Amino acid sequence: MSNTVTSSENLLGIPPTHLPEDPAAERLEQGVAPDQVAAAYPSSSLAWATLAEDALEDGRTVEGYAYARTGYHRALDALRRSGWRGQGPVPWSHVPNRGFLRSLAALSRAAGEIGEVEEEQRCRQFLRDSSAEAADELGL
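It should be emphasised that the depicted structure is a prediction, and the values quoted were computed from it without experimental measurement.

Trainee: Even after reading the chapter, I still don't get the packing of helix H3 (residues 45-57) against helix H5 (residues 98-113), so can you show me in this structure?
Mentor: Any two packed helices are characterised by the angle at which their axes cross and by the distance between the axes. One way to put it is that H3 packs onto H5 with a least axis distance of 8 Å and a crossing angle of 30°. Taken together, the axis directions place H3 and H5 in an arrangement best described as roughly parallel. Crossing angle aside, the handedness with which H3 passes H5 is left-handed. Contacts from Ser-45, Leu-46, Ala-49, Thr-50, Ala-52, Glu-53 and Leu-56 in H3 reach Gly-99, Phe-100, Arg-102, Ser-103, Ala-106, Arg-109, Ala-110 and Glu-113 in H5.

Printed below as a string of structure tokens:
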């Protein structure tokens, strides 16, 4: 048996954080425009992550950065309300966590595109520390 620890193991024994269901998810799945969903559910990190990803895909980097940062901060608020204390796993496998994880990935990408290297690296590492599975799924 190996004593080697991988980066995906939770060495601190901190329980994973599971965010509650996001009501915006259903609206997005129904095809409602992300800007309308964000306006109706401004605390939804998923709505902001979707806006960020769309903006980045369209080459609207600064807009994508702003959307991603909004989603990231909305998610931090939700994580804290769910008992998160600034560290520990936020599993990709728990679907409501994906708004946070996608916002963080989009923020890393956008920061890199505007040359904010330290922010890009910090967000990339935060994503990997929160969920290595998410980092892999999101290509970071």
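Trainee: Honestly, the pattern of salt bridges in this entry has me stumped. Any pointers?
Mentor: Oppositely charged side chains may form a pair once their charged atoms are brought near each other. According to the stated counting rule, one finds 7 salt bridges in the structure shown. Ionic pairing is found between Arg-60 and Asp-58, a salt bridge with its closest N-O pair at 3.0 Å. Judged by its relative accessible area of 32%, Arg-60 is partly exposed. Glu-119 is paired through a salt bridge with Arg-69; the nearest N and O atoms lie 2.3 Å apart. Remark: Arg-69 occurs in helix H4 (residues 61-81) and Glu-119 occurs in helix H6 (residues 117-130); sequence separation between them is 50 residues. For Glu-119, a relative accessible area of 11% corresponds to the buried category. For Arg-69, a relative accessible area of 23% corresponds to the partly exposed category.

Reading the values: rules and limits
Residues numbered from 1 in each chain as written. Predicted model: local features only at pLDDT ≥ 70, side-chain atom pairs only at ≥ 80, totals over all residues. Heavy atoms only, no water. Axes fitted to C-alpha atoms, helices over the stretch in contact; angles between N-to-C directions. Helix = DSSP H or I, 4+ residues; strand = E, 2+ residues; numbered from the N terminus. Parallel < 35°, antiparallel > 145°, perpendicular 65-115°, else oblique. Left-handed = near helix turned anticlockwise from the far one by under 90°. Contact = heavy atoms within 4.5 Å. Salt bridge = Lys/Arg side-chain N within 4 Å of Asp/Glu carboxyl O. Buried < 20%, exposed > 50% of the residue type's maximum accessible area, 1.4 Å probe, protein only.

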